[in-house]
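# Structural overview for review
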Amino acid sequence: MSNMMTQDKEAIKRIEELVVSDRASTVMVCVQGVGEGGLYGEMYNCYLKDSVRFCGVGDMVLKLDDICEWVGAPQRTTEPRFLNTEMEKKYRIAVSQHPEVDRNNLVYSINEIPFQNALKAREVLVVYVKYRQNSSLQGSIRGRLTKGEIVSFRSGMELIRMMQMIEIH
């Protein structure tokens, strides 16, 4: 019972970080579990009206990049490359279909944040994407598994490695 209360307290801390943050590139990641494709769950950003679902850590990192693109921060320094023009067209169509973005008004206030989803999550993390340089993500992550400490990542690959450890933990 006390483990559940500790997890709830940590989830509430991550929710508060999302609400008080003025950074468009702050994302709350709610890991719901581990399936055949690896970790799965939902991500929340204060400027998106809907959550963004992910299945697998690779999908999570790519969707973090998409969220940054949708909300306009941080700006990427290089354009993505593709194996051929057909794949590029498919990518452009896929990323154009995204949740509604409202940069003028925060979508979530402290009363509207999806508390229940966060409290039901196996793990709640807050990811701060600081830069999108060299076709990758740089930033930091914080959650119960980091013992409340901010842990930096230098690339999407490094973030994938960190997140895969949740599957093992």
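What comes next is a walk through the structure.

What counts and how
Residues numbered from 1 in each chain as written. Predicted model: local features only at pLDDT ≥ 70, side-chain atom pairs only at ≥ 80, totals over all residues. Heavy atoms only, no water. Helix = DSSP H or I, 4+ residues; strand = E, 2+ residues; numbered from the N terminus. Polar contact = N/O pair within 3.5 Å; in protein donor to acceptor, adjacent residues only side chain to side chain. Contact = heavy atoms within 4.5 Å. Salt bridge = Lys/Arg side-chain N within 4 Å of Asp/Glu carboxyl O. Buried < 20%, exposed > 50% of the residue type's maximum accessible area, 1.4 Å probe, protein only. Pairing = 2+ DSSP bridges. Phe/Tyr/Trp six-rings, centres within 6.5 Å; stacked < 30°, edge-to-face > 60°. Axes fitted to C-alpha atoms, helices over the stretch in contact; angles between N-to-C directions.

## Some remarks on the side chain of Arg132
Considering the arrangement of structural elements, one finds Arg132 in the loop between strand S4 (123–131) and strand S5 (138–143). At 2.8 Å, the side chain of Arg132 forms a polar contact with the backbone oxygen of Pro74. With sequence-adjacent residues up to four places away left out, Arg132 is seen in contact with Asp65, Cys68, Glu69, Pro74, Gln75, Arg76, Thr77, Leu137 and Gln138.

## Some thoughts on the pattern of salt bridges
Oppositely charged side chains are able to pair whenever their charged atoms sit close together. What the rule picks out here adds up to ten salt bridges. For Asp65, the salt bridge identified is with Arg132, shortest N-O distance 2.8 Å. Highlighted residues: Asp65 in helix H2 (residues 57–71) and Arg132 in the loop between S4 and S5, separated in sequence by 67 residues. When its relative accessible area of 3% is taken as the criterion, Arg132 is described as buried. Because the salt bridges share partners, they merge into one network encompassing Asp65, Glu69, Arg76, Glu79, Glu88, Arg92 and Arg132.

## A closer look at the pairing of S5
With five of six residues buried, S5 lies mostly within the body of the structure. Sheet topology note: the S4/S5 ladder contains six bridges and is antiparallel. Residue Leu125 lies in a different strand from S5, and its bridge partner there is Gly143. As consecutive antiparallel partners, S4 and S5 are separated by six residues, and within that stretch Asn134 has a phi angle of approximately 55°, a positive value.

## A closer look at the packing of aromatic side chains
Under the defined criterion, the tally for this structure stands at one aromatic pair. The interplanar angle of 45° and the centroid separation of 5.0 Å between the aromatic rings of Phe82 and Tyr91 together place this pair among those described as tilted.

## So, the sheet that holds strand S6 (residues 151–153)
In spatial order, the strands read S3-S2-S1-S4-S5-S6; together these six strands make up an open sheet with antiparallel pairing. Unpaired on one side and paired on the other, strand S3 (52–55) and S6 mark the two borders of the sheet. Strand-to-strand, the axes of this sheet are offset by a mean angle of 30°, without reference to chain direction. When strand S1 (residues 26–35) meets S4, the two strands line up antiparallel, connected through six bridges. Note on S4: the bridge partner recorded for Val27 is Val127.

Shape descriptors only; they carry no functional weight alone.
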